[in-house]
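# Observations on chain architecture
In case you want the letters, here they are:
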Number of protein chains: 4
Amino acid sequence: MGLEIGFKHCDPAGIVFYPRYAEMVNDTVEHWFKHGLGVDFDCLHRVRRIAIPTVKLDFEFKAPSRLGEALISTLIVVATGRSSVALEVDFAGQDKRPRLRAEVTFVFVDMESMKSLEIPSDLKRSIEGYRSAAESCGPD
Amino acid sequence: MGLEIGFKHCDPAGIVFYPRYAEMVNDTVEHWFKHGLGVDFDCLHRVRRIAIPTVKLDFEFKAPSRLGEALISTLIVVATGRSSVALEVDFAGQDKRPRLRAEVTFVFVDMESMKSLEIPSDLKRSIEGYRSAAESCGPD
Amino acid sequence: MGLEIGFKHCDPAGIVFYPRYAEMVNDTVEHWFKHGLGVDFDCLHRVRRIAIPTVKLDFEFKAPSRLGEALISTLIVVATGRSSVALEVDFAGQDKRPRLRAEVTFVFVDMESMKSLEIPSDLKRSIEGYRSAAESCGPD
Amino acid sequence: MGLEIGFKHCDPAGIVFYPRYAEMVNDTVEHWFKHGLGVDFDCLHRVRRIAIPTVKLDFEFKAPSRLGEALISTLIVVATGRSSVALEVDFAGQDKRPRLRAEVTFVFVDMESMKSLEIPSDLKRSIEGYRSAAESCGPD
């Protein structure tokens with residue numbers, strides 16, 4: 001997903017304010033649900049009454065990003081459990097050099113009870129598809 | 001630091017949108033610099049030309065927080081290096097039950113060169129004070 | 001309402017990014033509902049199923065605000081209609097000099113139908129109280 | 001400019017939280033500087049040391065926008081002064097029906113002194129071009 005660093009992302013030190021990176025991680029996951037898995041967040045939340053709260057989120061910041069830069073974020077499925085999905089989301093500059101590596105784990109929950117749900121079967125299939133694709137690229 | 005969960009923090013699922021937690025972690029660190037260490041972010045950045053970019057940030061979300069709740073955040077110095085400081089920032093509800101545990105590592109850098117700096121000696125003393133204080137409260 | 005200008009509010013030009021002022025206007029209105037009118041936004045939205053979308057919002061920026069400053073916002077009820085309320089929200093620095101004047105009009109709507117509602121009678125009484133109070137302070 | 005309404009824009013009432021519209025107005029102006037006027041905000045602020053604080057901003061909200069919708073924003077130059085520029089920024093849904101009309105006035109200032117500047121001549125020409133273009137489309 002392409003992301004352009006604008007005025008709203010930057011702090012008085014002239015670099016991206018890190019809570020804005022958390023927003024960009026969410027945007028990447030949301031974009032993947034819509035365009036990758038074919039279920040947008042409106043359908044997921046309002047129609048299917050499923051929420052996907054994040055339970056773990058680790059950031060490693062490799063280099064600062066500045067106003068006017070264009071970043072690319074990529075997403076890989078690292079693991080899936082009964083109700084959880086672990087992703088790696090990487091951000092790089094146009095020179096391909098890494099800026100940020102994020103590991104995100106979220107769980108599927110019923111919005112009324114907030115209890116965890118088994119990953120819905122239609123989504124499970126699509127999500128696993130992203131995992132295999134990524135695995136096929138690596139040595140293991 | 002007391003934090004009241006308002007409309008701006010919450011998403012359509014009715015719980016705190018996690019990038020807002022990243023903002024609250026920053027607010028807690030900023031509050032500590034100002035009221036704990038006696039050097040506010042304006043003095044640090046504009047006058048002393050020092051920035052403190054975050055290099056690592058790990059979140060563990062323990063329970064969702066909802067509109068109208070009051071949270072308390074607490075901060076402990078976990079470790080200091082030549083130019084880096086590692087903190088733990090915990091958020092709890094009014095019932096003292098944990099909502100979020102964050103580990104934050106930031107480094108002191110010169111704002112012009114963006115090169116790392118030794119922790120300024122006045123700040124080092126104050127920061128170490130918070131470490132000792134925290135250590136003296138625990139069994140180890 | 002007291003507001004401390006922090007890192008999150010400021011842009012690379014070193015002054016408050018204006019969308020953050022819109023957030024502070026919302027915070028002031030939300031604070032007034034909770035502490036002035038006695039009905040917080042959680043009760044209003046989740047329990048009573050009433051939303052109060054803003055239909056008009058005019059800002060006049062009088063002077064920039066900077067990192068580290070403390071502002072005070074004040075709120076006056078300018079007019080009430082069948083379902084609408086018009087407010088003036090002013091922000092000043094610690095020297096009392098104005099920074100921002102905002103005029104906000106919102107309407108009460110039913111959250112299911114999104115149709116306008118007559119102002120609930122309990123709230124109408126409290127809101128009118130704020131109008132009289134303000135009027136009693138001025139010459140007209 | 002195309003804008004996709006995502007999770008980050010929406011509040012617990014399920015509609016766009018109005019401070020996010022203020023952010024989208026800024027994004028539209030920033031996009032116009034970069035792609036329309038040929039001077040991006042990084043060049044303007046960091047290289048040329050010019051800021052463009054907003055002095056007046058009026059919003060009229062015509063209809064709520066919801067998660068998952070795609071909006072289009074358009075920008076017209078309404079008037080230019082010695083140092084000020086007045087714009088109209090309109091947001092519409094995919095059905096072309098209006099959602100929001102914003103009027104924005106900003107001034108060119110020197111970032112060191114924060115004193116107003118005459119509109120730089122290269123920008124003045126480009127900005128006036130947008131005014132003529134818009135005028136040529138209307139009956140007056």
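These numbers come from a predicted model, not from an experiment.

### Some remarks on the overall build of chain A
Counting secondary structure elements, chain A contains three helices and seven strands. Taken over the C-alpha trace, chain A has a radius of gyration of 16 Å; the compact-globule value for 140 residues is 14 Å, and the two agree within 12%. Overall, the C-alpha framework of chain A stretches about 45 × 40 × 25 Å when taken along its three principal axes. Sorting the 140 residues of chain A into buried and exposed places 50% on the buried side. Of the roughly 6200 Å² of accessible surface on chain A, 50% is carried by carbon and sulfur atoms.

### What to know about unusual backbone geometry
If you check the backbone angles, B:Arg49 has positive phi at about 55 degrees while not being a glycine. Note that B:Arg49 resides in the loop between helix H2 (41–47) and strand E2 (50–51).

### Regarding the interface of chain D and chain B
Listed by partner, the interface residues are seven residues for chain D and seven residues for chain B. Across the chain D/chain B interface, buried area totals approximately 780 Å², and carbon plus sulfur atoms make up 79% of it. The largest share of the area that chain D buries against chain B comes from D:Phe7, D:Pro12 and D:Phe17, three residues that together contribute 63% of it. Viewed at the interface, chain B and chain D are joined by zero salt bridges. Here the side of chain D that touches chain B is composed, by residue class, of five nonpolar, no polar and two charged.

### Some thoughts on the relation of the copies chain A and chain B
Here the second copy of the chain follows from the first by a rotation about an axis and a shift along it. Turning chain A through 180 degrees and shifting it by 0.0 Å along the axis lays it on chain B, with an RMSD of 0.0 Å. The superposition operator between the copies reduces to a two-fold rotation axis. Using C-alpha coordinates, one finds that chain A approaches the rotation axis most closely at A:Asp58, a distance of 2.1 Å.

### Here's the deal with the relation of the copies chain D and chain B
Under the fitted operation, chain D is carried onto chain B by 0.0 Å of movement along the axis and a turn of 180 degrees, and the coordinates agree to an RMSD of 0.0 Å. When the interface residues of chain D are mapped onto chain B, 100% of them again fall at the interface, so both copies present the same face.

### Structural notes on the interface of chain A and chain B
Taken together, the contact between chain A and chain B spans 25 residues of the former and 25 residues of the latter. Summed over both partners, the interface of chain A with chain B comes to about 2100 Å²; 69% of that surface belongs to carbon and sulfur atoms. Here chain A is connected to chain B by six residue pairs in polar contact (both at pLDDT 80 or more). Going through the elements one at a time, helix H1 (18–36) and strand E3 (54–61) of chain A are the ones with two or more residues in the side of chain A that touches chain B. Of the residues forming the side of chain A that touches chain B, the biggest block, eight residues, is contributed by E3(A).

### A look at the pairing of strand E5 (residues 84–92) of chain D
Residues and elements named next belong to chain D. Most of E5 sits out of view: seven of its nine residues are buried. Alignment of strand E4 (residues 70–80) against E5, held across eight bridges, turns out to be antiparallel. Bridge assignment links Thr74 to a residue of E5, and that residue is Asp90. Taking the residues between adjacent antiparallel strands as the criterion, E4 and E5 are bridged by three residues. Judged from the nine bridges that link them, E5 and strand E6 (residues 98–107) form a sheet pairing that is antiparallel. Residue pairing across strands places Val85 opposite Phe106, the latter belonging to E6. The antiparallel pairing of E5 with E6 creates a hairpin that spans five residues between the two strands, and Lys96 there sits at a positive phi of about 70 degrees.

### Quick notes on the nonpolar core
Judged by nonpolar contacts, the single largest core of 180 residues is most densely connected at A:Phe33, B:Phe33, C:Phe33 and D:Phe33. Leave out the neighbours within four places in its chain, and A:Phe33 touches A:Gly38, A:Val39, A:Asp40, A:Phe41, A:Leu44, A:Ile52, A:Phe106, A:Phe108 and A:Leu123.

### Quick look at the side chain of B:Asp90
Residue and element names in this part refer to chain B. Inspection of the secondary structure assignment puts Asp90 in strand E5 (residues 84–92). One buried charge, Asp90, has no salt-bridge partner; the nearest side chain with opposite charge is Arg101, at 5.1 Å. If sequence neighbours within four positions are ignored, Asp90 has contacts with Ile72, Ser73, Thr74, Leu100 and Arg101.

### Let's talk about the environment of C:Asp11
With respect to the helices, strands and loops of the structure, C:Asp11 is situated in the loop between strand E1 (2–4) and helix H1 (18–36). Measuring from C-alpha to C-alpha, the distance between C:Asp11 and C:Arg66 comes to 9.7 Å, with 55 residues separating the pair along the chain. In contact with C:Asp11, not counting residues within four places along its chain, are A:Phe7, A:Cys10, A:Asp11, A:Pro12, C:Val16 and C:Phe17.

### Considering the environment of C:Phe7
The residue C:Phe7 is located in the loop between E1 and H1 in this model. In this structure the C-alpha to C-alpha distance between C:Phe7 and C:Leu67, which are 60 residues apart in sequence, comes to 6.4 Å. If we skip the residues at most four places from it in the chain, C:Phe7 touches A:Asp11, A:Pro12, A:Ala13, A:Phe17, B:Asn26, B:Glu30, B:Phe41, B:His45 and C:Leu67.

### A look at the confidence of the model for chain A
Residue and element names in this part refer to chain A. Taken residue by residue, chain A gives an average pLDDT of 92. The fraction at 70 or more is 94%. Taken together, the stretch residues 134–140 has pLDDT below 50 and engages in one contact with residues farther than four places along the chain or on a different chain. In the predicted assembly, ipTM is 0.89 and pTM is 0.92.

### Focus on the packing of aromatic side chains
Applying the stated criterion across every chain, the model contains 52 aromatic pairs over all chains. Taking the centre distance of 5.4 Å and the plane angle of 20 degrees together, the rings of B:Phe59 and B:Phe61 count as stacked.

Scoring rules and cut-offs
Every chain is numbered independently, its residues counted from 1 as its sequence is written. Naming scheme: in the order in which they are written, chains are lettered from A and ligands are numbered from 1. The model is predicted, so local features are restricted to residues of pLDDT at least 70 and side-chain atom pairs to those at 80 or more, both for listing and for counting; the totals for chains, interfaces and linings are taken over all residues. Water and hydrogen atoms play no part in the side-chain values, which are based on all heavy atoms of the structure. Put simply, DSSP H or I for four residues or longer makes a helix, DSSP E for two residues or longer makes a strand, and each gets a number counted from the N terminus. For this measure, only C-alpha atoms enter the radius of gyration; the expected value for a globule follows 2.2 Å times N^0.38, where N is the number of residues. Here the term buried applies to any residue with accessible area under 20% of the maximum for its type, exposed to any over 50%, and partly exposed to those in between, with areas from a 1.4 Å probe on protein chains only. Exposure was quantified through the Shrake-Rupley algorithm and a 1.4 Å probe, taking into account, for residues, occlusion by the shown protein chains and nothing else. Note on contacts: a residue pair is in contact if any heavy atoms of the two residues lie within 4.5 Å. Two parts placed together each lose some accessible area; with a 1.4 Å probe, that loss summed over both constitutes the buried area. We count a salt bridge whenever a side-chain nitrogen from Lys or Arg sits within 4 Å of a carboxyl oxygen from Asp or Glu. Gly counts as polar in this scheme, as do all residues outside two lists: the nonpolar Ala, Val, Leu, Ile, Met, Phe, Trp, Tyr, Cys and Pro, and the charged Asp, Glu, Lys and Arg. Superposing the copies works by least squares over the C-alpha atoms of residues that have pLDDT at least 70 in both of them. Polar contact criterion, stated in full: a pair of N or O atoms within 3.5 Å, where within protein one must be able to donate a hydrogen and the other to accept it, and residues adjacent in sequence count only if both atoms are side-chain atoms. Pairing between strands is defined by DSSP: at least two bridges between them are needed. Only buried Ala, Val, Leu, Ile, Met, Phe, Trp, Tyr and Cys residues count toward a nonpolar core, and they belong to the same one when joined by side-chain atoms within 4.5 Å. His is not counted, nor are the chain ends, whereas Lys and Arg count as positive and Asp and Glu as negative. Along the chain, pLDDT gives the predictor's confidence residue by residue, from 0 to 100. Aromatic pairs are defined between Phe, Tyr and Trp rings, using the six-membered ring for Trp, whenever the two ring centres lie within 6.5 Å; interplanar angles under 30 degrees are classed as stacked, those over 60 as edge-to-face, and all others as tilted.

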